[in-house]
Amino acid sequence: MSGQTQPHSSRILLTGRGAIMVMLAVFALGLLGASWTPWPVLAGAFFVIGSVAAVLYVRPGDLLMVTILPPLLFGITLLGVKAATATGSVVLSVAEGTAITMAEAAPWLFAGMVLTLVIAWARGLRGGVRELRQDHRPADRRPGATAGPRPGPAAADPPPPAA
């Protein structure tokens, strides 16, 4: 796991990639546990645990990415686990297993995302969203941009010389 410590704290902070790897590992463990045991609630509970752990331990600059990715990572991991544990017709088994697991985990996915957003917002997600919005503004509308004359058709073509 990729991590670094702050000089004034012994708390480990993960990079965005490290947090993604943590989520993938936790989601896979939960999904495998739910496939091999009679407790389908493990998949949802591990989604909440993985999402919350990632958003708690990621660097503040990577909060936006870690807040958005858990449902996508869960879906990818779910397809991989269902394909790896499929019996009989792989396509049918994966489709059926994915639909059933998503239906059973839906309340947990919703609760996990709400909790993740609340924690991320408290840790400074607002700043990341503000930076993203500023990066996607046109250059002339960014704060601090000088508003000079824009070259138009008249300014671009000089008048023909007088004969």
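Rules used in this analysis
Residues numbered from 1 in each chain as written. Predicted model: local features only at pLDDT ≥ 70, side-chain atom pairs only at ≥ 80, totals over all residues. Heavy atoms only, no water. Salt bridge = Lys/Arg side-chain N within 4 Å of Asp/Glu carboxyl O. Buried < 20%, exposed > 50% of the residue type's maximum accessible area, 1.4 Å probe, protein only. Helix = DSSP H or I, 4+ residues; strand = E, 2+ residues; numbered from the N terminus. Expected span 1.5 Å × (residues − 1). Arc of directions from axis to C-beta. Contact = heavy atoms within 4.5 Å. Axes fitted to C-alpha atoms, helices over the stretch in contact; angles between N-to-C directions. Parallel < 35°, antiparallel > 145°, perpendicular 65-115°, else oblique. Left-handed = near helix turned anticlockwise from the far one by under 90°. Patch = residues over 30% accessible without salt bridge, like charges linked within 9 Å, V, L, I, M, F, W, Y side chains within 5 Å. Areas by Shrake-Rupley, 256 points an atom, 1.4 Å probe, with all protein chains shown as cover.

Before going further, it helps to examine the pattern of salt bridges. If you walk through the whole model with that rule in mind, you get 1 salt bridge. Between R59 and D62 there is a salt bridge, with the nearest N and O atoms lying 3.3 Å from each other. For R59, a relative accessible area of 29% gives the class partly exposed. Residue class for D62 comes out buried when judged on its relative accessible area of 16%.

Moving on, we come to helix α4 (residues 70-84). Residues separated by three or four positions in an α-helix point in the same direction, a consequence of the helix having 3.6 residues per turn. Helix length check: α4, at 15 residues, gives a terminal C-alpha distance of 21 Å against a target of 21 Å (1.5 Å per residue), a fit within 8%. Among the residues of α4, those classed as buried are P70, L73, F74, T77, L78, V81 and K82. Buried residues of α4, seen end-on, are gathered within an arc of 155° and therefore sit on one face of the element. Looking at the buried positions of α4, the neighbouring elements they touch are α1 (16-36), α2 (41-57), α3 (63-68) and α5 (90-123).

This part takes up the packing of α4 against α5. Orientation of α4 relative to α5, taken along the N-to-C sense of each, is 150°, at an axis distance of 10 Å. Compared by their axis directions, α4 and α5 come out roughly antiparallel. Crossing geometry of α4 relative to α5 is assigned as right-handed. Residues P70, P71, F74, L78, L79, K82 and A83 of α4 form the contact with α5, whose own contacting residues are V94, G97, T98, T101, M102, A105, L109 and M113.

This next bit is on the side chain of T77. Looking at the element boundaries, T77 is found in helix α4. With residues near it in sequence (within four places) discarded, T77 still touches L24, F27, A28 and L31.

Our focus in this paragraph is a nonpolar patch on the surface. On the surface, W39, V41 and W108 cluster together into a nonpolar patch covering about 310 Å² of accessible area. Along the polypeptide, W39 turns up in the loop between α1 and α2. With a relative accessible area of 52%, W39 lands in the exposed category.

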